[in-house]
Amino acid sequence: MTTSTPAPTSRRTASEVDTSAFKAQTIAVIGYGSQGRAHAMNLNDSGCDVIVGVRAGGAGAQRAQADGLRTMEPGEAAKAAKMIVILTPDMSHEAVYNEYIAPNLDAGDALMFAHGFSVHFGRVKAPADVDVMLVAPKGPGDLVRREYERGRGVPCLYAVDQDATGDAQYRALAYTACIGGANSGVIETSFAEETETDLFGEQAVLCGGATELVLAGYETLVDAGYQPEVAYFECLHELKLIVDLLYEGGLSKMHEFISETAIYGDLRSGPRVINDETRARMKEVLTDIQDGTFARDWITENQAGKPQYQALLRKDLDHPIEHTGAALRADMPWLQPGSNTA
C-alpha cells in the first residue's frame, strides 16, 4: 500500500504562516485524551474557535469543561465546525467517523488526523469535496502542551491526502502553527510515509526492539548466574542515561560522555548483536507494515476482542524483570508519583 513520498521541504517557522484566516474557522476536536487535550487547549490559547466533541457527562467532557473549553456531543461538534480533528484511538476512527462525522460533513470542510493509519489503510474514506490532512507532533500530548506554554513547540510532520478546496496545505500549516509545532519546524510528508515509519519505529526500535533487547540482556545475565537486581540496573535502569544523551546530541554526545571502554565495547560488540540477520527481520517487519498485513491483523484482533493482545501483554508484564524493577524502584524516591525530581 505504499505510495510515492514527497521530497523533504524546507522547515517552516510560525512567522511564515499567516493564521488569521484559519482562526475564523470553527474547529471541532473529537476526543479529549492526551493529544486531544493538548491540541484543543493550544488551539484555544492561540485564538481559535474550538469545540471539544465528547459524550455529555463523561470524563472527557468534565475535564474539557474544567479547562474552560466549550463541549458538545461529537456529532453536534462536527456539524458546527469547518475542521473536524479526530484524536480518538486509531481503532475507533472508523466507527467515530461513520457515526458522528460523515453525516455532518459539508463540502469544503476539513478532516484532520494526528496519525495516518485509518486513512492510509482505508478505514476512513472521506468524500471528494472535503480536505483530508494530518499533523503529527513528534511527542506525547503532555509535552505538546508543556512546550506550547513555554512559548516553544514540538516539531511536527504534516501531510495532505486530499485537497478539495485548494487550501488544504495552508490549513495544515496554520493548524501546526496554532498548536505550537511550527516554532520547532514542520516537515512535509505523506500519509503513507508518516504511517509506515511511525509503525516501524514503534515495532522495530522504540518499543518492540528496545524492550526485547532489554529482556534478552537481562535473561542472559541472570541465566549466567548474576543477581537479577544487578542485571536490572545494567540492562534497563541505565538505558535512560544513554537515551537521554542520544536525544540531546546524537551518537557524538553519547560518545563524549561515556568511557572509552564503553565506546570500544559499543563499536566492537554492537554489530555482533544487531547484525545482518537483525536487519533482515526488520525488513520483514517493514514489509508487513507496507503491504497492510499488520493493519489487517490488528483490525481483526480488535474485532475479536483482543484475546491475543491481552495474552501477550500479560506475558510481558509477568516477566521477572518487572518484579525485580518494582522492588528496586520502591527505594528510588525520585521515581515515585508526585516527585518533582527527575
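Counting restarts for each chain: residues are numbered from 1 in the order of the written sequence. Owing to the predicted nature of the model, reporting of local features is limited to residues with pLDDT of at least 70; listing and counting of side-chain atom pairs is limited to 80 or more, with chain, interface and lining totals taken over all residues. As a convention, hydrogens and water are excluded, and side-chain values are obtained from all of the structure's heavy atoms.

Visitor: Describe the state of the cysteines, naming the residues involved and giving the relevant values.
Guide: What we call a disulfide is simply a covalent bond connecting the sulfur atoms of a pair of cysteines. Any two cysteine sulfur atoms lying within 2.5 Å of each other are counted as a disulfide. Evaluation of the coordinates by the stated rule reveals zero disulfides. No disulfide involves Cys 156; its nearest neighbouring cysteine sulfur is the one of Cys 178, lying 12 Å away. Of all cysteine sulfurs, the one in Cys 48 lies closest to Cys 178, which takes part in no disulfide; the gap is 3.8 Å. Relative accessible area serves as the criterion here: at 2%, Cys 178 is assigned to the buried category. The rule is simple: take the accessible area with a 1.4 Å probe, protein chains only, and divide by the maximum for that residue type; under 20% is buried, over 50% is exposed, in between is partly exposed.

Visitor: Any details on the pattern of salt bridges? Residues and values, ideally.
Guide: Whenever Lys or Arg places a side-chain nitrogen within 4 Å of a carboxyl oxygen from Asp or Glu, that contact is recorded as a salt bridge. All chains considered together, the criterion is met by 16 salt bridges. Glu 94 is the partner of Arg 123 in a salt bridge, and the nearest nitrogen-oxygen pair spans 2.9 Å. With Arg 123 in the loop between helix 5 (117-120) and strand 6 (131-137) and Glu 94 in helix 4 (residues 93-101), this residue pair connects regions lying 29 residues apart in the sequence. Exposure remark for Arg 123: the relative accessible area of 27% places this residue in the partly exposed category. Secondary structure counts use DSSP, requiring at least four H or I residues in a row for a helix and at least two E residues in a row for a strand, with both numbered from the N terminus.

Visitor: Explain the packing of helix 1 (residues 34-45) against helix 6 (residues 141-149) to me, using residue names and the numbers behind them.
Guide: Geometry is summarised by axes, namely lines fitted to C-alpha atoms with helices restricted to the contacting stretch, and by angles between N-to-C directions that run from 0 to 180 degrees. The contact between helix 1 and helix 6 brings their axes to 7 Å, and the two run at 20 degrees. Relative to helix 6, the element helix 1 is oriented roughly parallel. Here helix 1 and helix 6 pass one another in a crossing that is left-handed. Across from Ser 34, Gln 35, Ala 38, Met 41, Asn 42 and Asp 45 in helix 1, the residues of helix 6 making contact are Gly 141, Asp 142, Val 144, Arg 145 and Tyr 148. Comment on the angle field: the value is read as roughly parallel under 35 degrees, roughly antiparallel over 145, roughly perpendicular from 65 to 115, and oblique elsewhere. Working rule for handedness: look at the near helix, and if it is turned counterclockwise from the far one by less than a right angle, call the crossing left-handed; if clockwise, right-handed. In what follows, a contact means two residues having at least one pair of non-hydrogen atoms within 4.5 Å.

Visitor: Any chance you could break down the side chain of Glu 301 for me, citing the residues and the numbers?
Guide: Counting through the fold element by element, Glu 301 comes out in helix 14 (residues 293-303). By the counting rule applied here, Lys and Arg register as positive and Asp and Glu as negative, while His and the ends of each chain are not counted. Despite its burial, Glu 301 remains without a salt bridge, the nearest opposite charge being carried by Lys 306 at 8.3 Å. If sequence neighbours within four positions are ignored, Glu 301 has contacts with Lys 306, Pro 307, Gln 308 and Tyr 309.

Visitor: Describe in detail the sheet that holds strand 8 (residues 186-188), supporting the description with residues and values.
Guide: Read from one edge to the other, the open sheet built from eight strands follows the order 3-2-1-4-5-6-7-8, with strand pairing classed as mixed. Of all strands in the sheet, those bounded by a partner on one side alone are strand 3 (70-72) and strand 8. Direction aside, neighbouring strands of the sheet carry axes that sit 25 degrees apart on average. Strand direction decides the pairing type here: strand 4 (residues 83-86) and strand 5 (residues 110-113), joined by four bridges, are parallel. For two strands to be treated as a pair, DSSP must find at least two bridges joining them.

Visitor: A description of the environment of Lys 125 should follow, citing residues and the corresponding values.
Guide: Relative to the elements of secondary structure, Lys 125 occurs in the loop between helix 5 and strand 6. C-alpha of Lys 125 to C-alpha of Ile 299: the two residues are 174 residues apart in sequence and 16 Å apart in space.

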